[in-house]
Amino acid sequence: MQLRVWRFGPDDWEQARVARLASVRDGFGEDSDFYREQAALEPAAWRVVLTEHVRFAAFDGDRPVGTACWRAGDDGDGLLYGMWVHPDLRSTEVADALVDAVTAVARENGSRTLSLKVEPDNARAIAFYLRTGFVADGVPGPGLTVMSRPV
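Heads up: these notes are all about the structure in this document. (Residues numbered from 1 in each chain as written. Predicted model: local features only at pLDDT ≥ 70, side-chain atom pairs only at ≥ 80, totals over all residues. Heavy atoms only, no water.)

### Topic: unusual backbone geometry
Condition: In this description a helix means any DSSP run of H or I spanning at least four residues, a strand means any run of E spanning at least two, and both kinds are numbered starting from the N terminus. Note on classification: 1.4 Å probe, protein chains only; a residue is buried when its accessible area is under 20% of the maximum for its type, exposed when over 50%, partly exposed between these limits.
If you check the backbone angles, S91 has positive phi at about 70° while not being a glycine. Along the chain, the position of S91 falls in the loop between β4 (78-85) and α4 (93-108). S91 sits in the exposed class, given a relative accessible area of 66%.

### Observations regarding the packing of aromatic side chains
Aromatic ring pairs are described here by two measures, namely the spacing of the ring centres and the angle between the planes. Formally: Centres within 6.5 Å are what make two rings of Phe, Tyr or Trp a pair, Trp counting through its six-membered ring; a difference in plane orientation under 30 degrees is then read as stacked, over 60 as edge-to-face, and the rest as tilted.
Scanning the model with the defined rule gives six aromatic pairs in all. Relative to F59, the ring of W6 lies with its centre 5.8 Å away and its plane at 50°, an arrangement referred to as tilted. Of this pair, W6 sits in strand β1 (residues 3-7) while F59 sits in strand β2 (residues 54-60), placing them 53 residues apart in sequence. Look at F59 and you get buried, because its relative accessible area is 4%. Relative to F59, the ring of F8 lies with its centre 6.4 Å away and its plane at 90°, an arrangement referred to as edge-to-face.

### A closer look at the pairing of strand β5 (residues 113-118)
What counts here: Two strands qualify as a pair provided DSSP detects at least 2 bridges between them. Orient the strands so they point away from the viewer, and a crossover whose first-strand-to-second-strand path over the helix runs clockwise is right-handed.
One ladder, built from two bridges, connects β4 with β5; its direction is parallel. Across the sheet, G78 pairs through a bridge with L114, a residue of β5. Handedness of the crossover joining β4 and β5 through α4: right-handed. When β5 meets strand β7 (residues 145-150), the two strands line up antiparallel, connected through six bridges. Note on β7: the bridge partner recorded for S115 is S148.

### Section: the pattern of salt bridges
For clarity, the cut-off: We count a salt bridge whenever a side-chain nitrogen from Lys or Arg sits within 4 Å of a carboxyl oxygen from Asp or Glu.
Counted by the stated rule, this structure contains seven salt bridges. Residues D77 and R112 are paired through a salt bridge, measuring 3.4 Å at the closest nitrogen-oxygen approach. You can see D77 sitting in the loop between β3 (63-72) and β4 and its partner R112 sitting in the loop between α4 and β5, a full 35 residues away along the chain. Relative accessible area serves as the criterion here: at 6%, D77 is assigned to the buried category. A residue is classified by how much of its surface remains accessible, and R112, at 58% relative accessible area, is exposed.

### Some remarks on helix α5 (residues 123-131)
Note the cut-off: Within this analysis, the arc is defined by the directions that extend from the helix axis to the C-beta atoms. The contact criterion used is simple: two residues touch if any of their non-hydrogen atoms lie within 4.5 Å.
Looking only at α5, the buried set comprises A125, I126, F128 and Y129. Viewed end-on, α5 has its buried residues packed into an arc of 160°, placing them on one side of the element. Looking at α5, the residues exposed on the side facing more than 90 degrees away from the buried face are A123 and R131. In the core, the buried residues of α5 are packed alongside β4, α4, β5 and β7. One or two steps after α5, the chain reaches G133, where phi turns positive at roughly 100°.

What follows is the structure, encoded as structure tokens:
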């Protein structure tokens, strides 16, 4: 694999669109309203998203194989969201590279912690996040599990 992690800027909207649609296709399917909504976004909307949020994608050659995003939380600390790794490449270096990229941006922006939300029944993702230093904040409930780690 020739892994490359790319931080998108507003002019990279076409590549960002390809990566985003790959993740939404995997998670929701092409027949979902969410996929159709994302696929219909105009270039100007993609540019706005890429201006307001930090988005990364991992590529193997020209194929998107993962995504992760960062933004400042209400408390000034960082939020990791939009994490996706292609099903064939889960449990590889792709997820680690994306978390490393998001952590670096959080650090650059003065975040003390990095938080995320994960489905409580996604044992594989939770195990990965625990391995990379995240801990669950409180008792998992019926909603999303919140995890965080120092930057």
